[in-house]
Amino acid sequence: MWIDTHCHLDAAEFDADRDAVRQAARVAGVTRCVIPAVHAAHWPQVAQLAERHGDAYALGIHPLYVPQAQQADVLALDRALTERRDDPRLVAVGEIGLDFFVPELCTPPMRERQWFFYTAQLKLAQKHGLPVILHVRRSADLLLKGLRQCPVVSGIAHAFNGSTQQAEAFVDLGFVLGFGGTLTYERSLQLRRLASEVPLSALVLETDAPDIPPQWLYQTAEQRALGVPQGRNSPAELPRIAQVLAGLRGLSLADLAAATRANAQRALPQLAAA
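Everything numeric in this text was worked out from a predicted model, so none of it was measured.

A. The arrangement of the overall build of the protein in detail. The secondary structure content of the protein amounts to eleven helices and eight strands. For 274 residues, the compact-globule estimate of 2.2 N^0.38 gives 19 Å, and the C-alpha radius of gyration of the protein, at 18 Å, lies within 12% of that figure. Along the first, second and third principal axes, the C-alpha set of the protein runs to 45 × 40 × 40 Å. In the protein, which comprises 274 residues, the proportion classed as buried is 53%. When contacts within the protein are restricted to residue pairs at least 6 apart in sequence, long-range pairs at least 24 apart make up 71% of them. Of the accessible surface of the protein, which amounts to about 11,900 Å², a share of 52% is contributed by carbon and sulfur atoms. If you average the places of the 26 positive and of the 28 negative side-chain charges in the protein, the two averages end up 2 Å apart.

B. Highlighting the pairing of strand β7 (residues 175-179). For β7, a buried count of five out of five residues is recorded, marking the element as mostly surrounded by other parts of the structure. Neither face of β7 is left uncovered, since the one carrying Phe175, Leu177 and Phe179 and the one carrying Val176 and Gly178 both have all their residues buried. When strand β6 (residues 155-158) meets β7, the two strands line up parallel, connected through three bridges. Residue pairing across strands places Ile156 opposite Val176, the latter belonging to β7. Once the chain exits β6 it traverses helix α6 (residues 164-172) before rejoining the sheet at β7, and the crossover so formed is right-handed. In this structure, β7 lies alongside strand β8 (residues 203-205), joined through three bridges in parallel fashion. Within β8, the residue paired with Gly178 across the bridge is Val204.

C. Representation of the sheet that holds β8. The strand order across the open sheet built from eight strands is β1-β2-β3-β4-β5-β6-β7-β8, with neighbouring strands paired in parallel fashion. Since the sheet does not close on itself, it has two edges, and those belong to β1 (2-4) and β8, each with one partner. For this sheet the average axis-to-axis angle between neighbouring strands, irrespective of direction, equals 30°. Where strand β4 (residues 90-99) and strand β5 (residues 132-137) come together, six bridges link them in parallel fashion. Residue pairing across strands places Gly97 opposite His135, the latter belonging to β5. Contacting β1 and β2 (30-36), helix α1 (residues 18-28) runs over the sheet at an angle of about 135° to β2.

Basis of the calculations
Throughout this description, residue numbers start from 1 for each chain and increase along the sequence as written. Reporting of local features is limited, given that this is a predicted model, to residues whose pLDDT is at least 70; pairs of side-chain atoms are given and counted only at 80 or more, and all residues count toward the totals for whole chains, interfaces and linings. Only heavy atoms go into the side-chain values, all of them from the structure, while hydrogens and water stay out. We count a stretch as a helix when DSSP gives it H or I for four or more residues in a row; a strand needs E for two or more, and each element gets its number in order from the N terminus. Radius of gyration means the value over C-alpha atoms here, while the globule rule gives 2.2 Å times the residue count to the 0.38 power. Here's how the labels work: a residue is buried when its accessible area is under 20% of the maximum for its type, exposed when over 50%, partly exposed in between, all with a 1.4 Å probe on protein chains only. Whether two residues are in contact is decided by their heavy atoms: any pair within 4.5 Å suffices. Per-residue accessibility takes into account occlusion by the displayed protein chains alone, with areas from the Shrake-Rupley method and a 1.4 Å probe. None of His or the chain ends enter the tally, which takes Lys and Arg as positive and Asp and Glu as negative. To locate a charge, take NZ of a lysine, CZ of an arginine, CG of an aspartate or CD of a glutamate. Any two strands with at least two DSSP bridges between them are considered paired. Place the viewer so that the strands point away; then a crossover is right-handed whenever the path from the first strand over the helix to the second strand goes clockwise. With axes taken as lines fitted to C-alpha atoms, and helix axes fitted only over the stretch in contact, angles between N-to-C directions fall between 0 and 180 degrees.

So this is what it looks like as structure tokens:
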């Protein structure tokens, strides 16, 4: 039985068949999905989806949405976390973080704006005693700096693709590392090595659906130009992604499922209670 610790079921790509997508994942053995919000307008939807499907959710402002976010959204997030504090399906503040991959987000003013929203949301997580789900893209060191300045109870470094030293630093702060479709590519040598070597207790599984498709769904630019559609990632792909990780680590699927489930529940304690 699997937990997809990061799945954007609220994304527009699932509008036509969202319930069927979730049911297919359940049939595949994905018993729980964590649905992180990306901006304030999606907070009610992720909560409703979690309720409908027996899943879990997080509330936050994603760094890609920082350009449109307002300081008032931080106050609104504080209110939402207060209002929902007794909701067993609320498991974290997220998806929050920093993104220094997208060029438009790398200008000095935008870096400063991202830092404001990141640290403001860390303070809310600290205030409400909640873990965080972190967006980590070319930003691990600065994210770690923020966590040292404003410690939180625990969390997940989502789609982790950093160095061994950065991985160890997150683990030392009580975090686990999210691995998904990227490790299914044979060319992802560093990530595969990291996924093979970090302690088993530091691993959780995720799809980031509909994003980060695994290798078997990916189409090259040339193929897409010829009309071959890009495969849509979904939480039903998690068991096959797990097979790749189990092979890299020399584990049985049952052992990997048990370990990653326990790790997810340790990082997001409300998962065990909900």
